[in-house]
Amino acid sequence: AIIFDLDGTLTDTLEDLYLSVNHALQSSGLPVRTLDEVRRFVGNGVRKLIERAVPDPCDTTTLEKCFSTFCEHYVIHQQDHTHLYPGIADLLTALHAKGYKMAVVSNKLQAGVDGLAATFFGGVIDVAIGEQPGIPRKPAPDMVVAAMRRLGVEPSETVYIGDSDVDLQTAANAGLPCISVLWGFRSRDFLVAHGATMLAQQPQDITSLV
């Protein structure tokens, strides 16, 4: 089985996240963030994204308003600019043909994961798990463990693929090997500094690494 991260690994969601973050900030009269800043802020779920995006310090009322506004805007606009990275569709088709069971595990809200899965992964991805009550977010291993349980596989049969330090930590916490992709939200140097040992320069590299 193969368990994928979503944002920065399979889908390029940065533009839509960036636009929704700045919509939320502007709605509260706060200064906007650059695309590169938002790139650095993603990876630990949408609440942490907003906590990082608002000025420090920020009062609780303003923070909650920004979070709510972001969620409302992003649910509507999450697919305005989002797309699969080049080569991902062919990779998933090839892996599916080889008999791999596949899951997506993301710190994105479950509704967002469901929407993207329906658009991009119908018939190929077997399980899609996002942030939801009762399951700790990555890098806790709980989402990955739930995905393996639903796929009916053991850790010894599974590899994790992601683009960030959070993904490396998640894989380690779940007892899985991790393939780090280089087309996502973090650089090669950053990933290596955080312990990456298997690197995929392009999607087709994954077929040989797994």
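Residues numbered from 1 in each chain as written. Predicted model: local features only at pLDDT ≥ 70, side-chain atom pairs only at ≥ 80, totals over all residues. Heavy atoms only, no water.

Visitor: Even after reading the chapter, I still don't get the overall build of the chain, so can you show me in this structure?
Guide: Secondary structure assignment for the chain yields 10 helices and eight strands. Taken over C-alpha atoms, the radius of gyration comes to 17 Å for the chain, in line with the 17 Å a tight globule of 210 residues would show. A total of 210 residues make up the chain; the buried ones form 51% of that total. A separation of at least 24 residues holds for 63% of the contacts in the chain among residues at least 6 apart in sequence. By element, 52% of the accessible surface of the chain is carried by carbon and sulfur atoms, the whole surface being about 9,300 Å². Placing the 16 positive and 25 negative side-chain charges of the chain at their respective mean positions leaves the two points 3 Å apart. (Helix = DSSP H or I, 4+ residues; strand = E, 2+ residues; numbered from the N terminus. Rg over C-alpha atoms; globule rule 2.2 N^0.38 Å. Buried < 20%, exposed > 50% of the residue type's maximum accessible area, 1.4 Å probe, protein only. Contact = heavy atoms within 4.5 Å. Areas by Shrake-Rupley, 256 points an atom, 1.4 Å probe, with all protein chains shown as cover. Lys, Arg positive; Asp, Glu negative; His and termini not counted. Charge placed at Lys NZ, Arg CZ, Asp CG, Glu CD.)

Visitor: Whenever I open this one, the side chain of D167 confuses me. Can you help?
Guide: Looking at the secondary structure, you find D167 in helix α8 (residues 165-174). Judged by its relative accessible area of 2%, D167 falls in the buried class. In terms of polar contacts, D167 uses its side chain to reach the side chain of S164, at 3.0 Å. Leave out the neighbours within four places in its chain, and D167 touches D5, K138, Y160, G162 and C178. (Polar contact = N/O pair within 3.5 Å; in protein donor to acceptor, adjacent residues only side chain to side chain.)

Visitor: I tried to follow the packing of helix α3 (residues 46-53) against helix α4 (residues 60-77) on my own but got confused; where do I start?
Guide: Describing two packed helices takes the angle between their axes plus the distance from one axis to the other. Between α3 and α4, the least distance of the axes is 10 Å, while the angle of their chain directions is 125°. Our classification of the angle between α3 and α4 gives oblique. Crossing handedness for the pair α3 and α4: right-handed. Contacts from V46, R47, L49, I50 and E51 of α3 reach α4 at L63, E64, C66, F67 and F70. Here the contact of α3 with α4 is built from residues that sort into seven nonpolar, no polar and three charged. (Axes fitted to C-alpha atoms, helices over the stretch in contact; angles between N-to-C directions. Parallel < 35°, antiparallel > 145°, perpendicular 65-115°, else oblique. Left-handed = near helix turned anticlockwise from the far one by under 90°. Nonpolar A, V, L, I, M, F, W, Y, C, P; charged D, E, K, R; others polar.)

Visitor: Where do I start with the packing of aromatic side chains in this structure?
Guide: Geometrically, a pair of aromatic rings is defined through the distance of the ring centres and the angle of the planes. Tallied over the entire structure, the rule returns two aromatic pairs. Aromatic side chains F70 and Y74 sit 5.5 Å apart centroid to centroid with 10° between the ring planes, which places their arrangement in the stacked category. Of this pair, F70 and Y74 are both found in helix α4, four residues apart, which corresponds to roughly one turn of the helix. Across this residue pair, the class does not change: F70 and Y74 are buried. Where F120 meets F121, the ring centres are 6.3 Å apart and the plane angle is 55°; that geometry is what we call tilted. (Phe/Tyr/Trp six-rings, centres within 6.5 Å; stacked < 30°, edge-to-face > 60°.)

Visitor: Could you clarify how one ought to interpret the pattern of salt bridges in this entry?
Guide: Opposite charge on two side chains lets them pair, provided their charged atoms get close. Overall, the coordinates contain nine salt bridges when judged by the stated rule. Across the pair R137 and E131 runs a salt bridge whose closest N-O atoms are separated by 3.3 Å. Residue class for R137 comes out partly exposed when judged on its relative accessible area of 33%. One connected set of salt bridges, linked through shared partners, spans D5, K138 and D167. (Salt bridge = Lys/Arg side-chain N within 4 Å of Asp/Glu carboxyl O.)

Visitor: Sorry if this is basic, but what is going on with unusual backbone geometry here?
Guide: Among all residues except glycine, the phi angle is most often negative; among peptide bonds, the trans geometry is most common. The omega torsion across D56 and P57 is 5°, close enough to zero to call that bond cis. By the secondary structure assignment, P57 is in the loop between α3 and α4. A cis amide bond, omega 15°, links K138 with the succeeding residue P139. Structurally, P139 can be placed in the loop between β5 (127-131) and α7 (142-151).

Visitor: Looking at this structure, I do not really get the environment of G8. What am I missing?
Guide: Take G8: it is sitting in the loop between β1 (2-4) and β2 (11-12). Each C-alpha atom of the pair G8 and K98 lies 24 Å from the other, and the pair is 90 residues apart in sequence. In contact with G8, other than residues within four places in its own chain, are Y85, D163, V181, W183, G184 and F185.

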